[in-house]
Amino acid sequence: MSTRSTTEQADAGPTSGGGQAGEGLSHLVQSLSHLGKRHDKVSVYQIREEIGERSFGPFLVIPSLIELSPVGGIPGVPTALAAVVSLFSLQIAFGMKHLWLPDFVENRKMPGDKLKNGLNFLRPPARWIDKVLKPRLRWITRPPAIQVIAAACLLLAAAVPPLELIPFGSTLPMGAIGLFGLALMVRDGLLAFLAAILAGGTVYLLYRLVL
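Since the model is a prediction, treat every value here as computed from it, not as a measurement.

Draft legend 1. Focus on the overall build of the chain. The helix and strand tally for the chain stands at 10 helices and 4 strands. When the helices and strands of the chain are placed in sequence order, the string is β-α-β-α-α-α-β-α-β-α-α-α-α-α. Here the chain, with 211 residues, has 47% of them falling under the buried criterion. About 10000 Å² of surface is accessible on the chain, with carbon and sulfur atoms providing 64% of the total.

The following block contains the structure:
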């Protein structure tokens, strides 16, 4: 088990959408894109280090962004990302202040060029999102509501493996997880409500798949 840890800055509400003042979603996308540019292979640990000490939100957003990029089209990647989300969600749900991942997860790697190109594609929408989101209904993004969000993300992550059998099927639950993460980053409770609606769409898709 890894001893590397990241500290949550629980109630330090960001001023521009990021885990820290002045750092929004576009900043995260740019940072990880540069990471892919610098390395042929990028490990989960390197991504965690690049995220740094922020709120819990980016730990839900980044796996979702990777899944929504062309990297998510690689077979098995959505399920692996869902496993990472599950581990983080469990720790958030139990109120842990430091998030960790086992070494065998942190050592997983993906092509740096695919990470870079995929995230470069997401830069324009990330900039737009930074302009639109703002703190609203903050109580929804604080304990105990944050534990409910974490539980929802855990269930959504569990839906990814079967939905990966459907073309782009895993995009729905991972998209909902990403919205929940953004809501935590910006303290935007209204966005959390929208994420819950998307989560409901995941439940419906699973229902149709089973029947």
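Continuing now.
Draft legend 2. Representation of the environment of H27 in the model. Within the secondary structure, H27 sits in helix α1 (residues 25–38). In sequence terms H27 and D130 are 103 residues apart; their C-alpha atoms lie 9.5 Å from each other.

Draft legend 3. Representation of the nonpolar core. If you look at the biggest cluster of nonpolar residues, it comprises 54 residues, and the most contacted ones within it are I47, I62, L65, I66 and I177. Contributing elements (two or more residues each) for this core: α1, α2 (44–51), α3 (57–68), α4 (77–93), α6 (112–121), α8 (145–163), α9 (171–186) and α10 (189–210). For this core, the element with the most residues is α9, which contributes 9 residues. Setting aside anything within four residues of it in sequence, one finds I62 in contact with L28, L32, I47 and I51.

Draft legend 4. Examining the environment of H98 more closely. Inspection of the secondary structure assignment puts H98 in strand β3 (residues 98–99). For the pair H98 and F88, spaced 10 residues apart in sequence, the C-alpha separation works out to 9.8 Å.

Draft legend 5. Quick look at the layout of surface pockets. For the largest pocket, the calculated volume is near 330 Å³. Lining the largest pocket are 21 residues, and of these V44, A80, L81, V84 and M110 lie nearest its centre. Going through the elements one at a time, α2, α3, α4, α5 (103–106) and β4 (109–111) are the ones with two or more residues in the lining of the largest pocket. Considering every element that reaches the lining of the largest pocket, the biggest residue donor is α4, with 6 residues. Its residues assigned to classes, the lining of the largest pocket shows 18 nonpolar, no polar and 3 charged.

Rules of the game
Residues numbered from 1 in each chain as written. Predicted model: local features only at pLDDT ≥ 70, side-chain atom pairs only at ≥ 80, totals over all residues. Heavy atoms only, no water. Helix = DSSP H or I, 4+ residues; strand = E, 2+ residues; numbered from the N terminus. Buried < 20%, exposed > 50% of the residue type's maximum accessible area, 1.4 Å probe, protein only. Areas by Shrake-Rupley, 256 points an atom, 1.4 Å probe, with all protein chains shown as cover. Core = buried A, V, L, I, M, F, W, Y, C linked by side-chain atoms within 4.5 Å. Contact = heavy atoms within 4.5 Å. 1 Å grid on protein atoms, 1.4 Å probe; cavity = no way out; pocket = protein on both sides within 12 Å on 5 of 7 lines; lining within 4 Å. Points joined across faces, edges and corners; volume = space filled by probe spheres on them. Nonpolar A, V, L, I, M, F, W, Y, C, P; charged D, E, K, R; others polar.

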